Structure formats: C-alpha cells, structure tokens
Amino acid sequence: MAPITRFAAFKYLPGTTDMQKRQSLDGLINLYNANADMVNVKPRGGRNNNTEGFDGGFDVVFTVEFKSKVTRDQFILNEEHVKYKNSIMGIVAEVIVYDFEEGDYGY
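First things first, this report covers the structure right here in the doc. This one's a predicted model, so the numbers in the text were calculated from it and none came from an experiment. (Residues numbered from 1 in each chain as written. Predicted model: local features only at pLDDT ≥ 70, side-chain atom pairs only at ≥ 80, totals over all residues. Heavy atoms only, no water.)

1. Comments concerning the nonpolar core
Now for step 1: Within the largest apolar cluster, 19 residues are counted, with the highest numbers of intra-cluster contacts made by Phe-10, Tyr-12, Tyr-32, Phe-62 and Phe-66.
Now for step 2: Of all elements in the fold, only β1 (4-12), α1 (18-34), β3 (60-66) and α3 (79-88) reach the threshold of two or more residues within this core.
Now for step 3: Not counting chain neighbours up to four residues away, the residues in contact with Phe-66 comprise Pro-3, Ile-4, Arg-6, Tyr-32, Met-38, Val-39, Asn-40, Thr-71, Arg-72 and Phe-75. (Core = buried A, V, L, I, M, F, W, Y, C linked by side-chain atoms within 4.5 Å. Buried < 20%, exposed > 50% of the residue type's maximum accessible area, 1.4 Å probe, protein only. Helix = DSSP H or I, 4+ residues; strand = E, 2+ residues; numbered from the N terminus. Contact = heavy atoms within 4.5 Å.)

2. Remarks on the side chain of Ser-24
Now for step 1: In this structure, Ser-24 sits in helix α1.
Now for step 2: Here Ser-24 falls in the buried class, since its relative accessible area comes to 6%.
Now for step 3: One polar contact links Ser-24 to Tyr-12, side chain to side chain, over a distance of 2.8 Å.
Now for step 4: Other than its neighbours up to four places away in sequence, Ser-24 contacts Tyr-12, Tyr-84, Ile-88 and Ile-91. (Polar contact = N/O pair within 3.5 Å; in protein donor to acceptor, adjacent residues only side chain to side chain.)

3. A few points about the packing of α1 against α3
Now for step 1: For the pair α1 and α3, interaxial distance at closest approach is 11 Å and the crossing angle is 170°. Relative to α3, the element α1 lies roughly antiparallel. When α1 is examined against α3, the residues Ser-24, Gly-27, Leu-28 and Leu-31 are found in contact with a partner set consisting of Glu-80, His-81, Tyr-84 and Ile-88.
Now for step 2: Residue composition of the contact of α1 with α3, by class: four nonpolar, three polar and one charged. (Axes fitted to C-alpha atoms, helices over the stretch in contact; angles between N-to-C directions. Parallel < 35°, antiparallel > 145°, perpendicular 65-115°, else oblique. Nonpolar A, V, L, I, M, F, W, Y, C, P; charged D, E, K, R; others polar.)

4. Observations regarding the sheet that holds β1
Now for step 1: Across the sheet, which stays open at both edges, the four strands sit in the order β2-β3-β1-β4 with antiparallel pairing between neighbours. Each edge of the open sheet carries a strand with a single partner, namely β2 (39-46) and β4 (92-100). Ignoring strand direction, the axes of neighbouring strands in this sheet form an average angle of 15°.
Now for step 2: Packing of α1 onto the sheet brings it into contact with β1, β2 and β3, and relative to β3 it is tilted by some 5°.
Now for step 3: Its contacts with the sheet place helix α2 (residues 69-77) against β1, β3 and β4, and it is angled at close to 35° to β1. (Pairing = 2+ DSSP bridges.)

In structure tokens:
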C-alpha cells in the first residue's frame, strides 16, 4: 500500500496566547510520537516565512507521512486523536487537513 502524506494548517483565534499555541503543537507532536508505528515520517512543520502573501492567514502548518490509508484511517479513529482534536477546537478558527497519495492527481 502506498504511503499517505498529510498536510495540515492551523489558524488560531485572535487572542490565543503563544503558550496555548505551543501547548497545542506539543500535544500534536506527542500524539504522533505515541503512534509512531503508524507513520513513516514524523510531523515536520513551522511558521510561514514566505513573503508572497499567499498564506491564507494560517499560523502554522505541518506534514506527516502515514504508512498507508489503513494506518491513516486507524489514526483518525484513535481515541487520543479524537481527544486532541476536541481539546484544540476552542482556540482554532480554521483548520485544513489534506491527505494525499503522491502522484495521484485523479486523472
């Protein structure tokens, strides 16, 4: 089975403190570390430093590579993942999660 790459971007609500942002990112990293058997490549990401102005107002993005669609689907249903998602909804204005198989353009 082909690996699945996840791209995710977070836009925090106005007033979200740097500490809250850091805690949400630490929680994300801890979640993937606890489920390292599901991924080929752990989360990588950071803040935008591009000056073209196409960041959409997102604060931080990351990518991670799951071993397969099966492991990605297991991760989505993982109880700790569900808890994590629910725990950050109070500080997140917008989230993009986009999963893809490399080279699958649909045509």
